[in-house]
Each structure stands twice: as C-alpha cells, then as structure tokens.
Amino acid sequence: MIAFEAGRSAISQVKALMAEYGISAADLGLSGKKKTTRTRPALAAKYRNSETGETWSGRGKAPKWMNLKNKEQYLIK
C-alpha cells in the first residue's frame, strides 16, 4: 500500500512539473499513438493464368491454378 501511495505522489509531482514548464505528454514521446509499420511495395507479377487473368508474383504458396503444372508456360514475357 505504501508503494501505491508513493506512486500517486510521484505522478502528482510529475503532473505539477509538466504544468509548470508547459510540457505535454507528446513532448515526452507519450502520445499514445502506435508507430506505423513500414509497408513493402507490391511485387510485380511473374506468372499469369491466361484463362482467368489471375497473376502470381512467384512468392509464397503457389495458387491452385498452377498446381502440378509447368511454371514456364505461365511466365509473363
């Protein structure tokens, strides 16, 4: 219980100092907003299904239309 009250006292002191010096939570890096993650640009399509027009970059799991087939026939030239 003593630690809890000491924490409340510390918070009160910090708030008073922030008000005295005009410091905001954002000034301290405490804006509450999460940092945005860096997004990767979309990869260019490497393969195309001529029947449906679907494309695949060649990364990740191969689409069903390419299963058990020769990849060379779907290469985009």
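These numbers come from a predicted model, not from an experiment.

Caption draft 1: Looking closely at the packing of aromatic side chains. Tallying each qualifying case throughout the model produces 2 aromatic pairs. Summarising the aromatic geometry, the rings of Tyr47 and Trp56 are spaced 5.3 Å apart at their centres and angled 25° between planes, so their arrangement reads as stacked. The exposure class of Tyr47 is buried, given its relative accessible area of 9%. Residue Trp56 is classed as buried on the basis of its relative accessible area, which comes to 10%. Ring geometry for Trp65 against Tyr74: centres 5.1 Å apart, planes inclined by 65°, an arrangement best described as edge-to-face. Accessibility assignment for this pair places Trp65 and Tyr74 in one class, buried.

About the thresholds
Residues numbered from 1 in each chain as written. Predicted model: local features only at pLDDT ≥ 70, side-chain atom pairs only at ≥ 80, totals over all residues. Heavy atoms only, no water. Phe/Tyr/Trp six-rings, centres within 6.5 Å; stacked < 30°, edge-to-face > 60°. Buried < 20%, exposed > 50% of the residue type's maximum accessible area, 1.4 Å probe, protein only.

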